[in-house]
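Results of the structural survey
The chain contents come next:
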Amino acid sequence: MTMRETPYTERFWEVLSDGRFLIHACEDCEERFFPPAPVCPNCHSRSVEWLESNGTGELYSFTRQHATAEGFPDQIVAGVVELDEGPRLLTAIDEAYADLALGDRVRVEPREYLHDYDRGRHAEQPFFAATTIDGDE
């Protein structure tokens, strides 16, 4: 699932600029979810809080795009990462498609946004992408 840039998610983008990655946790049902939202998607509680994630998890699925929109490179590798804390998120993957396998250990980290796409007020802030890591990390 992608994340819209709204005033509610401003804290996510600010913390990402500091090199940290946030997800949301419900105080009532303990569901952890991404993208951040003021209401838990599981129990609909408004008692949600920010939770710092180490950004590590497993590659749940991945694909590559050969035809992309103007302003993006010709090939993009994207995938779904299941974070160790539970939620799954859609992200770019900074690895060659041929080098990936389902279940690879990955880390989601801030990355400079290199594409020629207008990001509005977040134009100077990083985005995020996943890279593979050793299983021991």
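Scroll up a little and you will see the structure.
Residues numbered from 1 in each chain as written. Predicted model: local features only at pLDDT ≥ 70, side-chain atom pairs only at ≥ 80, totals over all residues. Heavy atoms only, no water.

Thoughts on the sheet that holds strand 1 (residues 21–26)
Pairing in this open sheet of 3 strands is antiparallel, and the strands run 2-1-3 from one edge to the other. Each of the sheet's edge strands pairs with one partner strand only, and the pair in question is strand 2 (32–33) and strand 3 (48–53). Bridge analysis of strand 1 against strand 2 gives 2 bridges, and the strand direction is antiparallel. Within strand 2, the position partnered with Ala25 by the bridge is Arg32. (Pairing = 2+ DSSP bridges. Helix = DSSP H or I, 4+ residues; strand = E, 2+ residues; numbered from the N terminus.)

Re the pairing of strand 6 (residues 88–93)
The pairing of strand 5 (residues 76–83) with strand 6 spans 5 bridges and is antiparallel. Its bridge partner being in strand 6, Glu82 is matched across the sheet by Arg88. Counting the residues in the hairpin turn of strand 5 and strand 6 gives 4 residues, including Gly86, whose phi is positive at 125°. One ladder, built from 2 bridges, connects strand 6 with strand 8 (residues 127–132); its direction is parallel. Each residue of the ladder has a partner; that of Ala92, found in strand 8, is Ala129.

Notes on the pattern of salt bridges
One pass over the structure, following the stated rule, counts 5 salt bridges. Residue Asp94 is joined to Arg111 by a salt bridge in which the shortest nitrogen-to-oxygen separation is 2.7 Å. In this pair, Asp94 is assigned in the loop between strand 6 and strand 7 (105–111) and Arg111 in strand 7, connecting sequence segments 17 residues apart. Judged by its relative accessible area of 41%, Asp94 falls in the partly exposed class. For Arg111, a relative accessible area of 24% corresponds to the partly exposed category. If you follow the salt bridges from partner to partner, you end up with Asp94, Glu109 and Arg111 in one network. (Salt bridge = Lys/Arg side-chain N within 4 Å of Asp/Glu carboxyl O. Buried < 20%, exposed > 50% of the residue type's maximum accessible area, 1.4 Å probe, protein only.)

Quick look at helix 1 (residues 10–17)
Every buried residue belonging to helix 1 is among Phe12, Trp13, Val15 and Leu16, and all of these are buried. One side of helix 1 holds all its buried residues, which, seen down the axis, span an arc of 165°. Contact partners of the buried residues in helix 1: strand 1, strand 3, strand 7 and strand 8. (Arc of directions from axis to C-beta. Contact = heavy atoms within 4.5 Å.)

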